[in-house]
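A closer look at the structure
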Amino acid sequence: MDLSYFHVAGDVPKGLEPETAVVIDVLRATTTIAWALHNGAEAVETFADLEQLKKKSHEWPQDSRLLVGERGGKRIEGFDLGNSPVDVLPSLVRGKRLFMSTTNGTRSLDVVRNAGTLYTMALPNRRAVAERLLCEMPNQLCIIGSGWEGTYSLEDSLAAGALAAFLLDKASNSVEIVNDELTAALALWDKWKEDREGCLRLASHGRRLIGLGDHDADFKCCSELDQIDVVPFQVEVGVLSAS
Ligand code: MLT
């Protein structure tokens, strides 16, 4: 399996439609997606565009939908929930479809929606996604971060390194690191793997969240490793289900 990492979806070379892609947005979209599906959401349908989200969500029965999302880290006015993984409680999300839009994470997903197979990952479901990849053993895997408005983010690179480290540990003979971005992500993981929360707090988006108010519970949740077994998988364009 040839592994490459792109800091943001815009870095994926034009014309490259990944055979298998894993999208990461540690703070916080893919952590929220993992927890929502783990807690029984029927699916998470993601949107780059808010007007599209509003249109599609209104076609869904009101009692089985929730609008979820943020802009700049703050809940979108009129939405049921923001983008906190600790808010997608089973009592709220079980059986519901979440219509979600976030500043960066859902935009990354939109860019690579035509990948042959598309997963999302965060630190709490790292092992589950890695084990799925080891079973499927695609020839080529693109790991794609979400960054912040097109720029690098420390926390997504940390998680890319965490995924690559797991794959190398379990199948070093079958895994090839093919770009420098992933070599750097592995070094980042090596440095911060015992203080993941410290890394998230140091990251520029971590500091942005701290500036917006108390996000201690989010930091704790987003930095937990290998805690849940859910593998979010794109079942139709824009729609992620647990698998
Ligand atoms: C994003 O998509 O940019 C993030 O999930 C922002 C956030 O922390 O809510």
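Relevant structure appears above.
Residues numbered from 1 in each chain as written. Predicted model: local features only at pLDDT ≥ 70, side-chain atom pairs only at ≥ 80, totals over all residues. Heavy atoms only, no water.

Focus on the side chain of Arg126
Note the cut-off: Going along the chain from the N terminus, every DSSP run of H or I of four or more residues is numbered as a helix, and every run of E of two or more is numbered as a strand. By the convention used here, residues are in contact when the closest approach between their heavy atoms is within 4.5 Å.
Note on placement: Arg126 falls in helix α5 (residues 126-136). Setting aside residues no more than four positions away along its own chain, Arg126 makes contact with Met121, Ala162, Leu163, Phe166, Trp189, Leu225 and Asp226.

Quick look at the nonpolar core
Test applied: The set of buried Ala, Val, Leu, Ile, Met, Phe, Trp, Tyr and Cys residues whose side-chain atoms join them within 4.5 Å is what this entry labels a nonpolar core. Per-residue accessibility, obtained with a 1.4 Å probe over protein chains only, is compared with the maximum for each type, and a residue is labelled buried under 20%, exposed over 50%, and partly exposed between these values.
With 40 residues, the main nonpolar core has Val22 and Leu167 as its most contacted residues. The dominant element in this core, judged by the number of residues it contributes, is helix α6 (residues 154-171), at 10 residues. Once residues lying within four places of it in the same chain are set aside, the contact partners of Val22 are Tyr119, Met121, Val129, Leu133, Leu141, Cys142, Ile143, Ile144 and Leu163. Of all hydrophobic cores here, the second largest spans 30 residues; its members include Ala21, Ala29, Ala34 and Leu37.

Details of the environment of Lys96
Note on placement: Lys96 falls in the loop between α3 (90-93) and β6 (97-101). Among all residues touching Lys96, those that are not within four sequence positions of it are Ala41, Glu42, Ala43, Asp63, Ser64, Arg65 and Leu66.

Thoughts on the packing of α5 against α6
Definition in use: Note on method: axes are straight lines fitted to C-alpha atoms, helices fitted across the in-contact stretch only, with angles between N-to-C directions ranging 0 to 180 degrees. Note on terminology: angles under 35 degrees are roughly parallel, angles over 145 are roughly antiparallel, angles of 65 to 115 are roughly perpendicular, and the others are oblique. The crossing is said to be left-handed when, going from far helix to near helix, the turn is anticlockwise and less than a right angle, and right-handed when the turn is clockwise. Amino acids are sorted into nonpolar (Ala, Val, Leu, Ile, Met, Phe, Trp, Tyr, Cys and Pro), charged (Asp, Glu, Lys and Arg) and polar (every other residue, Gly among them).
Contact geometry for α5 and α6: axes closest at 10 Å, N-to-C directions at 50°. Between α5 and α6, the angle falls in the class oblique. For the pair α5 and α6, the sense of crossing is right-handed. Mapping the contact onto sequence places Arg126, Arg127, Ala130, Glu131, Leu133 and Leu134 in α5 and Ala162, Leu163, Phe166, Leu167, Lys170 and Ala171 in α6. Of the residues assigned to the contact of α5 with α6, the class counts are eight nonpolar, no polar and four charged.

Digging into the pairing of strand β8 (residues 140-144)
What counts here: By the convention used here, strands pair only if DSSP detects at least 2 bridges between them.
Among the five residues of β8, four are classified as buried, and the element is accordingly described as predominantly covered. As paired elements, strand β2 (residues 20-24) and β8 share four bridges and run parallel to each other. When the bridges of β8 are listed, Val22 appears paired with Ile143.

Here's the deal with the site of the ligand
The following threshold applies: Neighbouring residues are identified by heavy atoms, a residue being near a molecule or strand if any of them is within 4 Å of it. We call two N or O atoms a polar contact when they sit within 3.5 Å, provided that within protein one can donate a hydrogen and the other can accept it, with sequence-adjacent residues counted only if both atoms are side-chain atoms. For every accessible area listed, the method is Shrake-Rupley and the probe measures 1.4 Å; residues are considered covered only by the protein chains on display.
Neighbouring residues of the ligand: Asp25, Leu27, Arg28, Ala29, Glu70, Asn83, Thr102, Thr103, Asn104, Gly105, Trp148 and His205. A distance of 3.3 Å is found between an oxygen atom of the ligand and a backbone nitrogen or oxygen belonging to Leu27. One nitrogen or oxygen atom from the side chain of Arg28 is found 2.7 Å from an oxygen atom belonging to the ligand. Compared with its free state, where it exposes 270 Å², the ligand has 100% of that area covered by protein. Per-class residue counts for the shell around the ligand are three nonpolar, six polar and three charged.

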